[in-house]
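Tertiary structure, described
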Amino acid sequence: MLEAVASAAASAAIVETYKDGRVLCSNMKQKIDYANDLENNYKRLIEKAAKLYARREDIVIEADKYKTKQLTKECDLWISRVTNGEEDVRELTTKYENEQSKKAKWRRHSKRAKLSKSMVEKCEELHSLWLEGKFERGIMVEKLPERVRTMHAAKIEDKPSLYKDRSEEKLQRAITDRLKMNMEGITNPDEIAWRISKELECKKYLLLLDEVWNILDLPKLGIQDNQQDSKVVLATRFPKICCDMKTELINMKQMSGADAWKMFTEKVGQNVNLPSIEPIAKLVVRECAGFPLLIDKVASTFRQKKDNSFLWNYGLTSLRRWDSFKVQGMDELIEFLKFCYEGLDSEDKKFCFLYGALYPEDCEIHRDYLIECWRAEGFICDANKFSDAHGEGHKILQFRDARDKGHKMLLDLINVSLLEESEKMNHVRMNKVLRNMALKISSKSKTFKVLVKTREGLQEPPNAVEWQQRCFKFANGEGLNPVILEVLAETDAFGLIGHKGASRLSDFGIENINRMRVCLIEGCDEIETIVQGNCVNRSALEWLEKMCISNAQKLESIWEGPVHAGSLTRLTSLTLQRCPKLKKIFSNGMIEQLFKLEHLSVEECPEIEEIITNSENTGLEPEALPKLRTLVLSGLLKVESICTDDSLKWPTLERITISRCQLLTRLPLNKENAPYLRCIEGDQLWWTALEWKEDAIKGRFESFFKSN
């Protein structure tokens, strides 16, 4: 009996020991697994964290869009929890990096296992947070309204613009502010109108309303006839508003040339009367086309140019280019003009307006001719679609309807001042500022597209191939496809993007690339040079005006071999960017052909040591590059000189920009050349380290330096 009991006890002890051993082994295996999975768990942690942080950033960006709303308290609390979790992730990352930096023999499995387990737990926590961040009920609520505050009356120059805000309630508030009335707690429009009426009851007043775009019910606003000989004057672009409001209509003519000049000179100051400035200033005023707002903004900008005629000339050129003219307030003017255009009540009417911009500047267009063109374009009833089913008489009626509709649309455009009546009978014209805006709109429009060939005297429209193939972009291609070569031969602008299987642009055939005026080469890693002159027996790129080469990893030169006469003779702009193997820009005989080059930009080409290499350009004439106006050099780590001496005259050079070219310690300037250079832009340390032959040369150009 005792033996049996002892045997049972021993068996039970063995079973318990076995269970404990299994648990111990299981724990040991789990720790080993955690330790072995440390790297994988770290990657999971980083991925989960990045995903969660991205969700948080999306919520913050969405919240910033709304000024009248705020995040819910639930969402705010969630963001706080994510931020706290971010600190935990950084702590785990630090521990992981410390652990990984230890030598393998010093690493403790128990410590790695504990760290790995913490990462797994944190991953689960981050995933739960990410799921909570979906916020199916939304993340925003309306902000509580601010307490009504009593405001001082606005100054006269700060009067509200009625075209931006058509709310009669806000107009009432503007009137009460002007009258310094205490309206705190009063929001009912009828109550406000009654109080305005009582305030003005015994007063003689003048109310000026500018940029009125809708009919205003003056009695409803509180403006009653108080028998005190008070006046209301409103300015509007719509004569119909004046008729409907039963007001006396006074047509305001465009500002005369004399008045425009007077306004401009008063704003600019006495410098405008200088002999070197006045002729340019008159051209500037002419570009403003009698727009007072534009004259005001432009005059403020030109005032800063003081008595520098070169800056005035440059400003005039920019103003004529329109898009490149940067002036405070110009965007508001463009938006105002665009608002007039968007206010047209039909797409056909908009097309008619844009069509008017296709005529030359200051052109006087006969009304009937313009309407006939509109009809031919299909903007009004198209005669080609008229039905003969009801006989010739019905067709005549359709023609009359189309003509009448055209005259109605023309009158509508005149009434909103998008077209002007010419002094010449039955003719209209388009203001040049509005014409520039119309061209800008049509260039971005997806529904109104035109092809304009200026100064080519077109007598018939281009064929379908010309319309479709004037601009050709060839991306991620390979080799020399005959179909591509055929299209290229008819192309004015060519973009070669990410191409393989061609080491030279001339591989596409000189006869195929000679027509192009604009060429962009980007990301073509096998291009080594643009033209191989040894393989051609005629001029190349005869019509090319602009060339930009970017990210060409193997490009070593622009031209190899002889440069035949007539090549590159129309090139005005050359831009080279991120070409790590490029060493030579101008090969032997190339500069002599570049007598129209105006802009040269070389950026991030680390192997270039000299812009105009002496070995390739021996005996270069002083008159070389006679049209060059701007030179930009940036990120040229090895460049030491632009050219070896200062023999070039640089007769039209206006601006030099240098950035991150620390070895460039000399400029090719002397006491006589570069007579029109007015700006040298670069780093202050670079300028200080420049070497000069004489102090007088440095003194000549020092006032033109501008630190970037």
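Located above this text is the structure these notes cover.
These numbers were taken from a predicted model, which means no experiment stands behind them.

What follows covers the overall build of the protein chain. Helix and strand content of the protein chain: 22 helices and 19 strands. Per-residue burial for the protein chain yields a buried fraction of 40% across its 708 residues.

The subject of this paragraph is the sheet that holds strand S8 (residues 471-475). Pairing in this open sheet of ten strands is parallel, and the strands run S8-S9-S10-S12-S14-S15-S16-S17-S18-S19 from one edge to the other. In the strand order of this sheet, the two ends are held by S8 and strand S19 (705-707), each with one partner. Strand-to-strand twist in this sheet, taken as the mean axis angle between neighbours without regard to direction, amounts to 5 degrees. Relative to strand S12 (residues 546-550), strand S10 (residues 518-522) runs parallel, the two being bridged by five bridges. Looking at S12, one finds that Glu522 is bridged to Ser550.

Among the surface-exposed residues, Leu206, Leu208 and Val233 lie close enough to one another that they form a single nonpolar patch of about 290 Å² accessible area. By secondary structure assignment, the location of Leu208 is in strand S3 (residues 206-209). For Leu208, a relative accessible area of 51% puts it in the exposed group.

For the rest of this paragraph, the subject is the packing of helix H5 (residues 168-178) against helix H6 (residues 189-200). Packing of H5 against H6 brings their axes to within 11 Å, and their N-to-C directions diverge by 35 degrees. Between H5 and H6 lies a crossing of left-handed hand. Counted together, Glu169, Gln172, Ile175 and Thr176 of H5 and Pro189, Ile192, Ala193 and Ile196 of H6 form the full contact between these two elements. Of the residues in the contact of H5 with H6, the class split is five nonpolar, two polar and one charged.

The next subject is the packing of aromatic side chains. One pair of aromatic rings is described through two measures. These are the centre distance and the angle between the planes. One pass over the structure, following the stated rule, counts twelve aromatic pairs. An angle of 45 degrees between the planes, with centres 5.7 Å apart, marks the rings of Phe351 and Phe379 as tilted. One end of the pair, Phe351, is in helix H14 (residues 347-356); the other, Phe379, is in the loop between helix H15 (367-377) and helix H16 (391-415), with 28 residues separating them in the sequence. When sorted by exposure, Phe351 lands in the same class as Phe379, which is buried. Chaining the aromatic ring pairs together yields one cluster made of Trp261, Phe264, Phe302 and Trp312. The aromatic ring of Trp261 is capped on one face by Lys282, whose charged end is 5.7 Å from the ring centroid.

Let us now look at H6. Taking 1.5 Å of rise per residue, the twelve residues of H6 would be expected to cover 16 Å, and the 17 Å separating its terminal C-alpha atoms lies within 8% of that figure. Along H6, the residues classified as buried are Ile192, Ala193, Ile196 and Leu200. Along the long axis of H6, the arc covered by the buried residues comes to 100 degrees, so they all point the same way. Where H6 is buried, its residues touch H5 and helix H7 (218-221).

On the secondary structure map, Glu86 appears in helix H3 (residues 73-101). Setting aside chain neighbours within four positions, we find Glu86 in contact with Tyr53 and Arg56.

Reading the values: the criteria
Residues numbered from 1 in each chain as written. Predicted model: local features only at pLDDT ≥ 70, side-chain atom pairs only at ≥ 80, totals over all residues. Heavy atoms only, no water. Helix = DSSP H or I, 4+ residues; strand = E, 2+ residues; numbered from the N terminus. Buried < 20%, exposed > 50% of the residue type's maximum accessible area, 1.4 Å probe, protein only. Pairing = 2+ DSSP bridges. Axes fitted to C-alpha atoms, helices over the stretch in contact; angles between N-to-C directions. Patch = residues over 30% accessible without salt bridge, like charges linked within 9 Å, V, L, I, M, F, W, Y side chains within 5 Å. Areas by Shrake-Rupley, 256 points an atom, 1.4 Å probe, with all protein chains shown as cover. Salt bridge = Lys/Arg side-chain N within 4 Å of Asp/Glu carboxyl O. Left-handed = near helix turned anticlockwise from the far one by under 90°. Contact = heavy atoms within 4.5 Å. Nonpolar A, V, L, I, M, F, W, Y, C, P; charged D, E, K, R; others polar. Phe/Tyr/Trp six-rings, centres within 6.5 Å; stacked < 30°, edge-to-face > 60°. Lys NZ or Arg CZ within 6 Å of the ring centre and 35° of its normal. Expected span 1.5 Å × (residues − 1). Arc of directions from axis to C-beta.

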